[in-house]
Structure formats: structure tokens, C-alpha cells
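Reading the structure
Here are the chains, one letter per residue:
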Amino acid sequence: MFKGSTNVLPDFFMSGDFLKKSLKERYITSAIILLAATVIVKIISAVYKIPLTNYIGATGRGYFSVAYNFCMPFHALTMGAFPLALTRLVSSYEAKGDRLRIKALRKAAKKLFFIVGIIGLGIILITAKPYANFIASSPKSIYTILALAPSIFFSCLCACHRAFAEGFLDMKATAISQTIEALCKMIFGLLFARFSMSWLYGFYIENGTVFGIGVMNDEEALSVIYPITSACAMLGVTIGSIAGYIFAGVYAKIKYYNILPKDKVNSKSAYSELLTFSAGLVGATVVQSLANFADTSSIQYCLSLCDPNVLSAQYGLESSDIYTYVFGIYAVALDFKNLVPAAVMALGVSAVPAVSTAFENGQERFSSLLTSIFKYTVIMSVGGGAAICLFYNDLLSIFYSGSNEDIVQNAGRLLFLFGMTSLPCAAASTSVYCAQALGYSKQTIVPFAVSAVVRVILNFILITNGNINILGSSISNFIGYFIILVWNMIIIHKKTKAKFSLLEIFIKPVACAALAYFSTSSIRESISSSMSDILVFILSATVCLLSFCVLLILMNCVSLKEIKSIK
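Quick summary incoming for the structure in this document. (Residues numbered from 1 in each chain as written. Predicted model: local features only at pLDDT ≥ 70, side-chain atom pairs only at ≥ 80, totals over all residues. Heavy atoms only, no water.)

**A short note on the overall build of the chain**
- Assigned secondary structure in the chain consists of 19 helices and two strands.
- Residues counted as buried form 50% of the 567 residues belonging to the chain.
- Considering only intrachain contacts with a sequence separation of at least 6, the fraction spanning at least 24 residues in the chain is 82%.
- Taken as a whole, the chain presents about 25,300 Å² of accessible surface, with 67% of it coming from carbon and sulfur. (Helix = DSSP H or I, 4+ residues; strand = E, 2+ residues; numbered from the N terminus. Buried < 20%, exposed > 50% of the residue type's maximum accessible area, 1.4 Å probe, protein only. Contact = heavy atoms within 4.5 Å. Areas by Shrake-Rupley, 256 points an atom, 1.4 Å probe, with all protein chains shown as cover.)

Here it is as C-alpha cells:
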């Protein structure tokens with residue numbers, strides 16, 4: 001697809017006119033491009049996970065999630081600290097007009113990102129088996145981990161090109177490569193999952209074996225098949241990372257080759273500068289990554305401490321893979337639960353420029369602006385949470401009743417609890433973004449660390465209780481993210497002297513969501529016996545949305561003036 005390179009990109013992007021635009025114009029253009037790509041990637045991911053689960057079941061999703069949770073801290077480190085350092089340095093030297101130094105940084109970055117990618121891949125390969133056996137208590141997940149591992153290396157190489165372009169406020173390399181990765185993950189992942197499942201199960205039906213292993217029934221056959229089909233599906237992620245790397249590399253070469261000097265450069269000092277600048281960022285990224293890793297790993301480990309007979313009785317599944325199955329149920333519930341934080345995160349990101357600008361310019365309405373931002377974050381959080389609580393069974397039934405009825409039955413309680421506890425889980429991201437926008441990135445490290453400790457402790461207390469098991473994760477998440485939310489709001493208050501109105505931010509929106517929930521629930525019960533399920537769902541969703549919006553207006557929670565101020 002890259003033959004005839006002059007036709008790969010529009011003439012506008014090839015000519016360098018984009019680089020000549022004003023800083024404001026470039027920022028707005030880049031922000032819109034990245035936001036649009038983020039929405040597209042989220043949609044593709046949602047479309048991808050649902051049919052994938054239909055193919056590989058909750059147990060297969062468990063293997064899938066084990067691999068992701070193990071590899072994501074390495075991914076976050078390689079995609080977080082080092083790319084951010086490169087972007088900032090390139091941006092700084094571009095502002096000074098020193099493109100010779102930029103060329104040296106590019107050369108040094110290629111070497112650094114290659115080394116980091118190799119180290120990350122090596123660590124994963126060495127520690128994969130101990131993690132699968134002793135932490136996740138899912139030895140068969142080793143296949144899925146190994147299928148995902150190469151993506152860390154290629155993602156790191158891709159990040160080098162993305163970060164370099166971002167230094168010029170050019171987000172197209174990032175946006176397009178992310179979309180390509182998501183599309184490849186969906187297309188190849190689903191194809192590999194479907195055909196591997198079809199082939200292996202067909203072979204079992206004909207011969208009574210799977211890879212030469214004799215099996216007595218469907219349950220034993222699927223126990224052997226699921227780890228393989230999950231690994232095949234994961235290969236789609238690795239293929240996507242390779243495709244994204246190829247695009248980003250070609251894009252960066254075509255776009256920036258002619259604007260950099262042709263002089264030879266010595267990259268040794270640039271390499272040292274890049275390492276030095278990355279050091280502080282690595283610390284913050286490591287803490288945040290380890291916090292999330294500790295949470296998910298403790299969930300997996302604590303599940304393994306539960307009595308398998310108790311879990312089997314609760315979930316109606318007699319299987320040696322019961323721990324992986326329950327973790328797969330957790331992953332399915334997260335697919336829907338994470339829609340609320342994802343939407344709220346977009347609001348937090350868009351608020352960052354407004355917060356930093358208002359604070360730096362010393363605007364009198366800084367406190368009012370912060371209150372509005374947090375208030376609308378809470379409105380979205382509790383509104384989304386109320387919707388999940390009302391329609392959790394409908395959501396699961398729509399996507400899984402035809403293929404995995406057990407998921408509808410077993411994931412419902414957890415998804416309901418996630419809806420109930422969605423407020424801090426979603427709103428915490430806005431508090432972090434605002435603190436970082438004001439220049440307090442280092443201060444956000446301690447809340448993450450404390451939150452991780454609290455979540456791990458609660459996981460050991462709650463999840464190890466066989467009667468509570470995975471349901472305890474909703475409580476530990478609620479308390480852990482509540483700590484992050486409140487702590488960062490306190491940091492902002494102490495540093496800026498900003499005043500928050502708890503009535504406006506929390507009490508009114510929560511009251512509106514609670515009233516909308518109970519009124520809709522009552523109406524739903526009264527009409528459920530006289531109408532079809534689809535009609536009941538449509539009417540209930542309409543009543544919920546309208547009642548929530550009306551209540552927000554009546555309680556003076558929303559105003560056109562505030563919406564304009566956030567923009």
C-alpha cells in the first residue's frame with residue numbers, strides 16, 4: 001500500500017503547509033484529529049470484544065484478560081514515559097528552530113526505543129510462566145501471553161515515530177496508526193478466533209481428540225481448545241501493532257525527511273539528554289502502572305484462594321478452569337462498566353486547556369470553572385452508572401443471550417455493582433487531569449500508591465471469601481478510586497486555593513440520578529407484564545434519560561453559561 005509514496009498522503013500534508021500554520025490552529029486541528037481517532041478506536045474495540053466473547057466464551061476471555069493485565073504495565077511504560085520525553089524535547093527544540101538537534105534526537109530515539117522494546121519483550125518472555133502459574137493461577141494462559149508479547153516490541157518502535165510527530169503537534173501518525181491497529185486487531189482477531197475454534201472443535205467431533213489429547217466430553221475438549229483459540233485471537237493484536245508501526249514509520253519518513261537538515265549528527269549527547277529527561281517521567285509512570293497491575297493481579301490471585309467447589313456451585317460450572325472462567329466474567333462486566341470512565345475521560349481531557357489557561361491567567365472565575373468541570377464529570381458518571389444499574393440485564397441479554405446465556409446469568413450482579421460504584425471510578429480521571437494541567441504531576445503519585453495498597457488489601461479481605469469472590473472487586477475499586485478523586489481535589493485546593501461547592505458537584509447530581517433511577521424502575525415494573533421486552537427497554541430508557549435531564553434542569557444543575565465557559 002505504500003508504493004508510489006507521493007500518493008500516500010494528501011499534498012497538503014506533504015508540502016509542509018501544516019507546519020506553517022499558527023500554533024493555535026495546529027493545536028486545535030491535532031486535538032480534533034486525536035479525539036476523533038479515540039472515539040473510532042473505542043467503537044472498534046467494543047464491536048470486537050462482543051463477538052470475540054461469543055466465539056471463545058467467558059473462559060476464553062479469562063485467558064485473554066490474563067495476558068492483557070500482565071503485559072499492560074510494560075506497554076504503559078514504553079508508551080508513556082519515553083514517548084512523552086521525546087515529544088517534549090522535539091517540541092522544545094522546534095520552538096528554538098534547532099532542527100539539527102531534532103535530527104540527533106530522532107536518531108537517538110530509534111536506538112533507545114529499540115533497546116527498551118527488546119528489554120520489555122525479554123522480561124515478559126522470562127516471567128510469563130511464573131506469572132501464569134503462581135499469580136493468575138491460570139497455567140494455560142501462557143499461550144495467550146506469548147501471542148501478545150511481540151506487540152510490546154512493535155508498539156515501542158511505533159511509539160518512537162508517533163512521539164516524534166507529536167513533537168510538531170502532528171497527531172495524524174498517532175491517530176491513523178491507532179485506528180489501523182484497532183482494525184487489524186478486530187479483523188484478524190475475530191477471523192483467527194472463529195476459524196481456530198471451528199477447526200479444533202470439528203477435529204474433536206470427528207476424532208475425539210484435540211492435538212492428540214484424548215477427551216471424554218465437550219467440557220474437556222473446550223478446556224483444551226479455549227487456550228489455543230484465545231492465543232489465536234491475540235495474534236490479531238500483534239499483527240495490528242506491526243501494521244501500526246509500518247504506517248507510523250513510513251508517515252514520519254515521508255513527512256519529515258525533507259524538513260530535517262542533511263548534515264550528519266552525533267547522537268550521543270541527544271541520547272543522554274533523552275534518558276535524563278525520561279527519568280522523572282519513568283518514576284510517575286511506573287507507580288501508576290504498578291498500582292493498576294497490583295490491583296488486577298491481586299484480583300486473580302485472590303480468586304485462586306477461593307474454594308473451587310464454592311465457585312462452581314455459585315456459577316453453575318463444573319470445570320478445572322473455574323478460576324479463569326470467573327475472571328472472564330469479570331472481564332465481560334468491565335467491557336460495559338468501562339464505557340462510563342471512557343466517556344468521562346474525554347471530558348477531562350478537553351477540560352485541561354481551560355483549567356491551565358484560567359489558572360495561568362489568574363482569572364477570577366477559576367474556582368467556578370473547576371466546580372463546573374467536576375460537576376459535569378459527576379453528572380456523566382452518575383448518569384451512566386444509573387443507566388447500567390437499570391439496564392445491566394438488557395445489555396448482557398442483547399449481546400450474549402443467543403450464544404452465552406451463562407454470561408447473562410453470572411455477570412449481571414457484578415455489572416449492577418459496577419454501576420452503583422461508578423462515580424469515583426469515572427471521576428477520578430478528571431481530578432488527575434486537572435492536577436496535571438496545573439503542573440502537579442508528581443503530587444498525583446502518592447494517591448495512586450495509597451489507592452493501590454488499599455485496593456489490594458480489600459481484595460484479599462473480600463474476594464477470598466468464596467461467597468463474595470469477584471463481586472468484592474467493585475467495592476475495592478470504589479474505595480480505591482474515591483481516594484484518588486478526593487486526594488487530588490485536596491491537592492488542587494491547597495495549591496490553588498480554589499473552592500469547591502460540594503452541593504453543586506456531588507449532592508445535586510447524585511440526587512438527580514437516584515430519583516431518575518427509582519422513578520424509572522417503578523415505571524418499568526408497572527409496564528413489564530403488559531409489553532414486550534424490547535418495548536419495555538425502549539420506553540424505560542426514554543423515561544430514564546428524560547427524567548434525569550428534567551431533574552438536572554429543575555435542580556439548576558446545568559446551565560448554558562457554564563457549558564460555554566468549559567469550551
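Read on, since the account is not over.
**Examining the side chain of Ser141**
- Note that Ser141 resides in the loop between helix H4 (99–135) and helix H5 (142–166).
- Here Ser141 falls in the buried class, since its relative accessible area comes to 0%.
- Residues within four places of Ser141 in sequence aside, it is in contact with Tyr63, Val66 and Ala132.

**A closer look at the packing of aromatic side chains**
- For the structure shown, the criterion picks out 25 aromatic pairs.
- Judged by centre distance (5.3 Å) and plane angle (85 degrees), the rings of Phe391 and Phe537 are edge-to-face. Remark: Phe537 occurs in helix H18 (residues 533–554) and Phe391 occurs in helix H12 (residues 366–400); sequence separation between them is 146 residues.
- Exposure remark for Phe391: the relative accessible area of 6% places this residue in the buried category. (Phe/Tyr/Trp six-rings, centres within 6.5 Å; stacked < 30°, edge-to-face > 60°.)

**Quick word on a nonpolar patch on the surface**
- Taken together, the side chains of Ile475, Phe478, Ile479, Phe482, Val486 and Ile490 define a hydrophobic patch exposed on the protein surface, amounting to about 450 Å² of accessible area.
- Locating Phe482 in the fold gives a position in helix H16 (residues 472–496).
- By relative accessible area, which is 42% here, Phe482 ends up partly exposed. (Patch = residues over 30% accessible without salt bridge, like charges linked within 9 Å, V, L, I, M, F, W, Y side chains within 5 Å. Salt bridge = Lys/Arg side-chain N within 4 Å of Asp/Glu carboxyl O.)

**Brief notes about the nonpolar core**
- By size, the foremost hydrophobic cluster in this structure holds 66 residues, and its most contacted members are Leu52, Ile145, Val326, Tyr330, Leu396, Tyr400 and Ile470.
- If one sorts the elements of this core by residue count, helix H3 (residues 23–96) sits on top with twelve residues.
- Look past the residues within four positions of Ile470 in its chain and what remains in contact with it is Ile299, Leu303, Tyr315, Val326, Tyr330, Leu414 and Ile463.
- In terms of nonpolar packing, the next biggest core, distinct from the first, is built from 40 residues, Ile491, Ile505, Ala513 and Leu552 among them. (Core = buried A, V, L, I, M, F, W, Y, C linked by side-chain atoms within 4.5 Å.)

**Re unusual backbone geometry**
- A positive phi is found at Lys497, a non-glycine position, where the angle reads about 65 degrees.
- Here Lys497 is to be found in the loop between H16 and helix H17 (502–527).
- A relative accessible area of 63% places Lys497 in the exposed class.
- Even without being glycine, Asn556 reaches a positive phi, approximately 60 degrees.

**Side note on the environment of Lys268**
- Along the chain, Lys268 falls in helix H8 (residues 268–304).
- Judged by its relative accessible area of 66%, Lys268 is exposed.

**Quick word on the pattern of salt bridges**
- On inspection of all chains with the given rule, the structure shows ten salt bridges.
- We note a salt bridge from Asp321 to Lys140, for which the minimum N-O separation is 3.6 Å. Taken together, the residues Asp321 in the loop between helix H9 (308–315) and helix H10 (322–337) and Lys140 in the loop between H4 and H5 connect sequence positions 181 residues apart.
- Judged by relative accessible area, Asp321 falls into the buried class, the value being 9%.

**Focus: the side chain of Thr421**
- With respect to the helices and strands, the residue Thr421 is situated in the loop between helix H13 (405–420) and helix H14 (422–437).
- For Thr421, a relative accessible area of 13% puts it in the buried group.
- If near-sequence neighbours (up to four positions away) are discounted, Thr421 is found in contact with Ser474 and Phe478.

**Some words on H4**
- At Thr127, H4 shows its maximal bend, which comes to roughly 45 degrees, and the proline Pro130 appears one to four places after that position.
- Positive backbone phi, approximately 50 degrees, marks Ser137, located one or two places after H4. (Bend = angle between axes of the 7 residues up to and from the residue.)

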